Amino acid sequence: MDSDNGVWYAESLYPPDEQLQRVLNSIRESGMPEISVSPGYGRLLTLLVQMTGARSVLEIGALGGYSGICLARGLTGEGRLLSLELREDYAGLARENLQQAGFADRAEVRVGDALKSLDSLLEAGERFDFFFIDADKVHAPEYLERALLLAKPGTIIVGDNAFYHGKAYNPENNGPGAIGIRRFNERMASDPRLESTLLPAYDGMTIARVK
Ligand SMILES: C[S@@+](CC[C@H](N)C(=O)[O-])C[C@H]1O[C@@H](n2cnc3c(N)ncnc32)[C@H](O)[C@@H]1O
């Protein structure tokens, strides 16, 4: 069985998720890029937040709120999600979708360049126990570096699109996004502050735990 068939089989096991399907429809109707996290990794995000008991979750790259809902679904008690998004219009749809999913009281979408938002969080002395890094790939290594500064022992760091649609491992593709995601993956794999793995289904996902 090749990996595409494996993904097809895995997805066939799960009933349609009407809430997330509505989010995907809203993204399509708004003419936004259809690049939300894959359904299987969305379910994984929920499980990881749930299993780690993360109370402060930081997402970098909100788009229409699909992964935000997956992350928020895993929160318990006083757990909160902060999602960083460059575009006001995308942030607006993400807020709307998070609200419709019942997470308005525990999710905030903050507009602005993620690097600047991360620096402000650092200045404010904030710390997080879960990161989902899923914005532009050019700055992925810088997002990781900031995440490490905002982390504490046991913090989980997840990165989407480890393969970047094949560009990550195509030696002929040396665009800034391909270089960024390669450096990110390499750092996730070998930074002495992290223990990690790379899941090779869908477009690849890296998961690390801060030592
Ligand atoms: C792959 S999409 C995020 C998908 C979303 N995490 C999901 O799975 O539902 C990447 C998002 O990052 C945002 N983005 C790109 N550059 C950014 C930056 N410098 N700061 C903050 N967000 C950025 C884009 O506008 C886009 O919404």
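Residues numbered from 1 in each chain as written. Predicted model: local features only at pLDDT ≥ 70, side-chain atom pairs only at ≥ 80, totals over all residues. Heavy atoms only, no water.

1. Quick word on the sheet that holds strand β1 (residues 56-60)
On the basis of which strands lie adjacent, the open sheet formed by seven strands has the order β3-β2-β1-β4-β5-β7-β6 and mixed pairing. Each having just a single partner strand, β3 (107-111) and β6 (194-199) make up the two edges of the open sheet. Sheet twist, expressed as the mean angle between neighbouring strand axes with direction ignored, is 15 degrees. Relative to strand β7 (residues 205-210), strand β5 (residues 156-160) runs antiparallel, the two being bridged by five bridges. For Ile156, the partnering residue across the bridge sits in β7 and is Arg209. Across the sheet, helix α5 (residues 88-100) is in contact with β2 (80-85) and β3; its angle to β3 comes to roughly 175 degrees. Relative to β7, helix α8 (residues 176-190) is tilted by about 40 degrees, and along the sheet it contacts β4 (130-133), β5, β6 and β7. (Pairing = 2+ DSSP bridges. Helix = DSSP H or I, 4+ residues; strand = E, 2+ residues; numbered from the N terminus. Axes fitted to C-alpha atoms, helices over the stretch in contact; angles between N-to-C directions. Contact = heavy atoms within 4.5 Å.)

2. Some words on the site of the ligand
Lining the immediate environment of the ligand, one finds 20 residues, of which Val37, Ser67, Glu85, Asp113 and Asp134 sit closest. Between the ligand and Leu86, the relevant distance is 3.1 Å, taken from a nitrogen atom to a main-chain nitrogen or oxygen of the residue. Here a nitrogen atom of the ligand and a side-chain polar atom of Asp134 are 2.7 Å apart. One can see that the ligand is located within the largest pocket. (Near = heavy atom within 4 Å. Polar contact = N/O pair within 3.5 Å; in protein donor to acceptor, adjacent residues only side chain to side chain. 1 Å grid on protein atoms, 1.4 Å probe; cavity = no way out; pocket = protein on both sides within 12 Å on 5 of 7 lines; lining within 4 Å. Sits in = over half its atoms within 2 Å of the grid points.)

3. Description of the packing of aromatic side chains
Evaluation of the coordinates by the stated rule reveals three aromatic pairs. Across the ring face of Tyr164, the terminal group of Lys167 is positioned such that the distance to the ring centre comes to 4.5 Å. (Phe/Tyr/Trp six-rings, centres within 6.5 Å; stacked < 30°, edge-to-face > 60°. Lys NZ or Arg CZ within 6 Å of the ring centre and 35° of its normal.)

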